[in-house]
Amino acid sequence: MNKNEKFIITINRELGSGGRTVGRKLAEKLGVTFYDKWLINELKTKFNISAEEVEKVKGGNSSWWRELLNSAIYMGERMGEINSVPHPPMDVYHLVTTDDMYKVETEIFSHLADNESCIVAGRTGFYVFRNHPNRLSILIQASMPFRIERVMRKQNMSEDEARQTIEKVDKMRENYVKKFTKSSRYDTRNYDIVISADGKTEDEIVDIIMQYIG
């Protein structure tokens, strides 16, 4: 990946691995915007954006699109402030995904890549951007004890609650990826870098990625 040209970095991460924080910190380092599933859902639910509308933007004036993105980003930041945590509430993990929602998400992701360098944290990002000429795909994993401890601390859950939540999200995300990509999110052939978060801080993981990029 050449960071001096328009690029796209996709991050797939296990819940509790710290991957979302890594994506946000990496975006700050590279001076680009970080987009995740929650922000995409904000755009779809708050503004009722359809795949057709995103497609139209690609061929016309996109100033209103930037305004919507900025608004969604602002809402995401405000939610983080309100909840005193740098991530969305757990309710977001239980959203029902339909074929139409996947189509909208794919169109939004594609439009982002057409217009700017950015980092996208999404379950199917590695697949959506597999043919992008300047992309880097990353998977961030962690052991179950590491993930449970982090979810307990970040979401104020008991150990049992954290384990059940992780297992539920893992199953949901894997089913989602298999349905739409016919592949597994755990197949390392889908990624350029696979990193274990165990024994590392988010900043250390960012440094590893930056060293890889060069």
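Keep in mind it's a predicted model, so treat the numbers as computed, not measured.

(A) Representation of the sheet that holds strand β5 (residues 193-196) within the structure. The sheet built from five strands is open, its strands ordered β2-β3-β1-β4-β5 with parallel pairing. Strands at the two margins of the open sheet, each flanked by one partner only, are β2 (33-36) and β5. Shown here is a sheet whose adjacent strand axes are inclined to one another by a mean of 20 degrees, direction ignored. As paired elements, strand β1 (residues 8-13) and strand β3 (residues 118-121) share four bridges and run parallel to each other. Bridge pairing in β3 places Ile11 opposite Ala121. Of the strands in this sheet, β1, β4 (135-141) and β5 touch helix α9 (residues 202-213), which is tilted by about 150 degrees from β4.

(B) The confidence of the model for the protein chain, seen in detail. Taken residue by residue, the protein chain gives an average pLDDT of 78. The fraction at 70 or more is 69%. When mean pLDDT is compared element by element in the protein chain, β5 scores highest at 97, while helix α4 (residues 63-83) scores lowest at 48. In the model, residues 74-97 has pLDDT below 50 throughout and makes 34 contacts with residues more than four positions away in sequence or in other chains.

(C) Highlighting unusual backbone geometry. A positive phi angle, near 55 degrees, is found at Asn156, a position not held by glycine. When you line up the elements, Asn156 lands in the loop between α7 (144-155) and α8 (159-181). Of note, Lys182 is a non-glycine position whose phi angle comes to about 60 degrees, a positive value. Inspection of the secondary structure assignment puts Lys182 in the loop between α8 and β5.

(D) Structural view of the packing of aromatic side chains. Tallying each qualifying case throughout the model produces two aromatic pairs. Measuring from ring centre to ring centre gives 5.5 Å for Phe126 and Tyr191, while their planes differ by 55 degrees; the resulting arrangement is tilted. Separated by 65 residues along the polypeptide, Phe126 in helix α6 (residues 125-128) and Tyr191 in the loop between α8 and β5 bring together distant segments of the chain. On the accessibility criterion, Tyr191 (8% relative accessible area) is buried. Positioned over the ring face of Tyr127 is Arg130, at 3.8 Å from the centre of the ring.

How each quantity is defined
- Residues numbered from 1 in each chain as written.
- Predicted model: local features only at pLDDT ≥ 70, side-chain atom pairs only at ≥ 80, totals over all residues.
- Heavy atoms only, no water.
- Pairing = 2+ DSSP bridges.
- Helix = DSSP H or I, 4+ residues; strand = E, 2+ residues; numbered from the N terminus.
- Axes fitted to C-alpha atoms, helices over the stretch in contact; angles between N-to-C directions.
- Contact = heavy atoms within 4.5 Å.
- pLDDT = per-residue confidence, 0-100.
- Phe/Tyr/Trp six-rings, centres within 6.5 Å; stacked < 30°, edge-to-face > 60°.
- Buried < 20%, exposed > 50% of the residue type's maximum accessible area, 1.4 Å probe, protein only.
- Lys NZ or Arg CZ within 6 Å of the ring centre and 35° of its normal.

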